[in-house]
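Structural description and commentary
So the chains spell out like this:
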Amino acid sequence: MNMRFVETFVWLAKLRNFRLTAEKLHTTQAAVSSRIATLEQELGVRLFDRGDREVTLTLEGGKALVYADRLVRTMHEMFDGMKDRALVGGVVRIGVIETIIHAWFPDLMARIHRSYPRLEVELAGDTTIRLIEQFSKGHLDLILQTDTVLGADVQNIPLCDFPMRWVGATSLNLHGEMLTLADIAAFPVLSFSRNSGPHRFLEKLFDDRAGRSVHINCMTSVSAMVRLVNDGFGLAMIPPAIIQRELAQGDVQLLKVDTEMPDMALVCSYRGGAESPLIQQIASLAQQTAQEFASSLPTEVARQPGATAASDPWSLGNRSD
């Protein structure tokens, strides 16, 4: 039995689409179809029911997938175990939100390069929503973002939590007093991309606690948001961990607000099963890097002590940045 054909079967079962499987394996749809047909002939069963846009596993296909996944995983583990890390080549595609890029991602890249000097990294920086879409289509091997990704073959490991604080330009002279949400709402409010976790949380928070809806300026660029805060355009709820330089220079200040903001939880998602153990090892490097960065943060970037918790807990389980 040809192991390349078995791996094709596993990926088609995951992606359920001939075109996406062909792109993932760098081959043609005709080749994918031929490999599956050969496997079905060898096993004497039909593995898939073909639809107009996607395929679904038959009952026999589901049984075969358990063994096929185990075979491919063992094959990758064998090859990986025989390799010297310094000789590992190829390309790994990593998706990452900008919040992480501004924090510990450079340290992760340095670690990857030290461990796998011949490995090429293709980086996709985007919002969590878009990264999950690309990951689901098989275009990314691993994503670092804020949401748990559902899927039978998807592994999710926690990275670290970033405390969130309200920040504003020092020139606004707001940092010496305790502010209410109504005080915050008197200024332009800046947030992450529309329909992200922070954006949806702020909309509901202001509706519930400030007694009125507030216009929130949504941004997909963290750099742009920090620049606008720095220039005194408005106030933003962001992780202080990503503006340590601006805080040290005195350009922006952490504000005292009577409502505590929930943490931003960061997650690494990747596919288990047939995927190379290399991806799992990079995920472990990401977790180690994130946790070391979080533990090294100075106390002044932590949550404001004594503040009252928000009435609605902030769940990042759907979509956020």
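1. Considerations on the overall build of the chain
- Looking only at helices and strands, the chain has 12 helices and 16 strands in total.
- Here the chain, with 321 residues, has 48% of them falling under the buried criterion.
- In the chain, of all internal contacts separated by at least 6 residues, the share reaching a separation of at least 24 is 80%.
- Here the chain displays about 15400 Å² of accessible surface, and carbon together with sulfur accounts for 49% of that area.

2. Some words on the packing of helix α6 (residues 105-115) against helix α12 (residues 277-295)
- α12 packs onto α6 with a crossing angle of 140° between their chain directions and a minimal axis gap of 9 Å. By the angle class used here, α6 and α12 are oblique. Of the two elements, α6 crosses α12, and the hand of that crossing is right-handed. Each of Asp107, Leu108, Arg111, Ile112 and Ser115 in α6 lies in contact with α12, whose residues at this interface are Ile282, Leu285, Ala286, Gln288, Thr289 and Glu292.
- Tallied by class, the residues present in the contact of α6 with α12 amount to five nonpolar, three polar and three charged.

3. Considering the environment of Val189
- Relative to the helices and strands, Val189 resides in strand β9 (residues 189-191).
- On a C-alpha basis, the gap between Val189 and Cys218 in space is 8.7 Å, while along the polypeptide they are 29 residues apart.

4. Section: the sheet that holds strand β12 (residues 252-254)
- Pairing within the open sheet is mixed, and its five strands lie in the order β10-β9-β11-β7-β12. Each having just a single partner strand, β10 (216-218) and β12 make up the two edges of the open sheet. The mean inter-strand angle of the sheet, taken between neighbouring strand axes irrespective of direction, is 30°.
- Of the strand pairs in this sheet, β9 and strand β11 (residues 235-238) are connected by two bridges, and their pairing is parallel. From the neighbouring strand, Leu190 faces β11, where its bridge partner is Ala236.

5. Quick notes on the pairing of strand β5 (residues 142-145)
- Here β5 shows two buried faces, one formed by Leu142 and Leu144 and the other by Ile143 and Gln145.
- Sheet analysis places strand β3 (residues 91-96) next to β5, joined by three bridges and oriented parallel. Following the sheet pairing, Val96 is matched in β5 by Leu144.

6. Focus: helix α10 (residues 222-230)
- Looking at α10, one finds that the buried residues are Val222, Met225, Val226 and Val229. Projected down its long axis, α10 shows its buried positions confined to an angular sector of 95°, all on one face.
- Each element contacted by the buried residues of α10 is listed here: α5 (98-101), β7 (165-169), β9, β11, α11 (244-249) and β12.
- For α10, the capping residue at the N-terminal end is Ser221, with a side-chain oxygen 3.4 Å from the backbone nitrogen of Ser223.
- Just past α10, the residue Gly232 takes up positive phi, approximately 85°.

7. What to know about the confidence of the model for the chain
- Here the chain shows a mean pLDDT of 84. Residues at 70 or above account for 87%.
- For the stretch residues 305-320, pLDDT sits under 50, and the model shows 49 contacts to residues farther than four places along the chain or on other chains.

8. Some details on the pattern of salt bridges
- Under the defined criterion, the tally for this structure stands at 11 salt bridges.
- As a salt-bridge pair, Glu40 and Arg50 come within 3.0 Å of each other at their nearest N and O atoms. Residue Glu40 is found in helix α3 (residues 29-43), and its partner Arg50 is found in strand β1 (residues 48-50); the two are separated by 10 residues along the sequence.
- Exposure remark for Glu40: the relative accessible area of 13% places this residue in the buried category.
- Taking relative accessible area as the criterion, Arg50 reaches 41% and is therefore assigned partly exposed.
- The residue Asp69 makes a salt bridge to Arg73 at a minimum N-O spacing of 2.7 Å. Highlighted residues: Asp69 and Arg73, both in helix α4 (residues 59-81), separated by four residues, approximately one helical turn.
- One network of salt bridges, with partners in common, ties together Lys14, Asp69 and Arg73.

9. Quick notes on the sheet that holds strand β15 (residues 264-271)
- Pairing in this open sheet of five strands is mixed, and the strands run β4-β3-β5-β15-β6 from one edge to the other. Strands at the two margins of the open sheet, each flanked by one partner only, are β4 (120-125) and β6 (154-162). Shown here is a sheet whose adjacent strand axes are inclined to one another by a mean of 20°, direction ignored.
- Set on the sheet, α12 makes contact with β3, β5, β6 and β15; between it and β6 the angle comes to about 15°.

Parameters and conventions
Residues numbered from 1 in each chain as written. Predicted model: local features only at pLDDT ≥ 70, side-chain atom pairs only at ≥ 80, totals over all residues. Heavy atoms only, no water. Helix = DSSP H or I, 4+ residues; strand = E, 2+ residues; numbered from the N terminus. Buried < 20%, exposed > 50% of the residue type's maximum accessible area, 1.4 Å probe, protein only. Contact = heavy atoms within 4.5 Å. Areas by Shrake-Rupley, 256 points an atom, 1.4 Å probe, with all protein chains shown as cover. Axes fitted to C-alpha atoms, helices over the stretch in contact; angles between N-to-C directions. Parallel < 35°, antiparallel > 145°, perpendicular 65-115°, else oblique. Left-handed = near helix turned anticlockwise from the far one by under 90°. Nonpolar A, V, L, I, M, F, W, Y, C, P; charged D, E, K, R; others polar. Pairing = 2+ DSSP bridges. Arc of directions from axis to C-beta. Polar contact = N/O pair within 3.5 Å; in protein donor to acceptor, adjacent residues only side chain to side chain. pLDDT = per-residue confidence, 0-100. Salt bridge = Lys/Arg side-chain N within 4 Å of Asp/Glu carboxyl O.

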